[in-house]
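# A structural walkthrough
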Amino acid sequence: MKRRSKVTYSAAVALAAVTVGFLFVGTNVVADTASPNGLFPDSGGILHKTSSASSMLPDLSGLANLVGSGEQYIVQLREDIDTDIVDQHLEWLKAQLGSTLPVGDVIQRYHFGPGHFHGYLGKFHPFVVELLRGLPIIKSIEKDQTVSLSQVVIDKPANLARIWQRKVTQPDVYSFNPRSGRDVDVYLLDTGVTPHHVQLEGRVKAGPNFSSDNTSDDLNGHGSHVAGITGGTISGIAKNVTILNMKVLNAAGSGTWSGMISALNWVVMRKNSTGRASVVNMSISGAKSDALNAAVKSAVDNGVHVVVAAGNSGADACLASPASASLISPGVFVVGAINAQDGLTSWSNWGSCVNVIAPGDAITSVDRTSTTGTIMMSGTSMASPHVTGAIAGILAQVVMPPALMVRYMRNAATKNAVSLMGRANTGNNLLFLNASRVTAEVVKTYLRMSAS
């Protein structure tokens, strides 16, 4: 058995102290790299010797103004660090940031359990960022980024029948298992969900609001539409599923990676507390983020099924997040979109990270502006909840870990039905929902087929 490497916080501080030095241009502050107590004192300022703190204050008073306009950073710590060491690190950092030089603030802590993603969100002066990069316990530091919906609006019809039939011979027929989604929690990380729509009423539960809006209500419409595809009694797939409203995007459809990580952290804690089968849908896409990808992987490692939109840039999905999380976790579903003619849409992202394709062009679902109305939307945002609903339907019948679910769904998919429009490196796996009862024996059969 390989012994897990450990690092003590005192050792980390000492090592960083003798390897990292900084000069703040415009002042005379130079880190003393000869001694751990020079750069990382037990008390006093974080950037200089304790003995010189008061004398340097006049020259450094401008730092306070920089913090207010500074940027937020997501700090990811090494997974092999014990929780008590993480606690020591945060206590130390908060003590330093609370000194006479206001050079930052720790805003939110992330902890997905032992051996999984842990870290924190903070607003820091560039000095502090570079200082933290020198600590051996830091895995990565990246700027928090704004992300947006994976939605395109096009006014033409679509049909759920495509995922029920290998070849569509009955375009108006869709069958589903009556247990579909029962006792399964679906967490929608989105713009919010309207709980009073007739298709969703009684099955929407409130989760925390991680958006910049001061309400959990859906002020955009995207989240309610996604909810309808996932579990609406008319528009949806898993018609008995419990939907948790996890608002991470504001009325304009934008949010931050830090908000997504906080939401995933909450999902993991709740899932581990309730023990219920859990699926996350993220109809969201943005610039590649190692921190978000690590959080997605940790959620999957905790038994949460995660389904994400491939993105609407018409580009390689491996260059975006959360789609690129599939590169580090085989349990992540990345969903591309087809149109009514079974062609990969021109705007759907593609590539080796996409492991399943579903209808996404002109999908009819819940309209947030009324209790009974529907609206058409298009995007990989709409393709993703097709897969989320299908997974919820399966989990109501048989227990399956995320990585096995990906294998099962990929091998149960309708093969080579999609015109990939020249994107040959994209798996030609069209979502297929077997409406009959899915049992452990059915799953074993599909997996034997994939191994032969």
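### Observations concerning unusual backbone geometry
Looking along the chain, the bond that leaves Ser321 and enters Pro322 is cis, with omega of 5°. With phi around 65°, Asp183 is a residue other than glycine that occupies positive phi space. According to the relative accessible area criterion, Asp183 is partly exposed, its value standing at 49%. The backbone phi angle of Ala362 is positive, close to 60°, even though this residue is not glycine. Relative to the helices and strands, Ala362 resides in the loop between β15 (356–359) and β16 (363–366). A relative accessible area of 0% means that Ala362 is categorised as buried.

### Examining the pairing of strand β6 (residues 184–190)
Within β6, seven of the seven residues are buried, leaving the element largely enclosed by the surrounding structure. When β6 meets strand β10 (residues 277–282), the two strands line up parallel, connected through five bridges. Among the inter-strand pairings, Leu188 is bridged to a residue of β10, identified as Asn281. Direction of pairing for β6 relative to strand β8 (residues 242–247): parallel, over a ladder of six bridges. In the sheet register, Leu189 faces β8, and the bridge partner there is Met246.

Parameters at a glance
- Residues numbered from 1 in each chain as written.
- Predicted model: local features only at pLDDT ≥ 70, side-chain atom pairs only at ≥ 80, totals over all residues.
- Heavy atoms only, no water.
- Buried < 20%, exposed > 50% of the residue type's maximum accessible area, 1.4 Å probe, protein only.
- Helix = DSSP H or I, 4+ residues; strand = E, 2+ residues; numbered from the N terminus.
- Pairing = 2+ DSSP bridges.

Taken by themselves, the reported measurements are silent on function.
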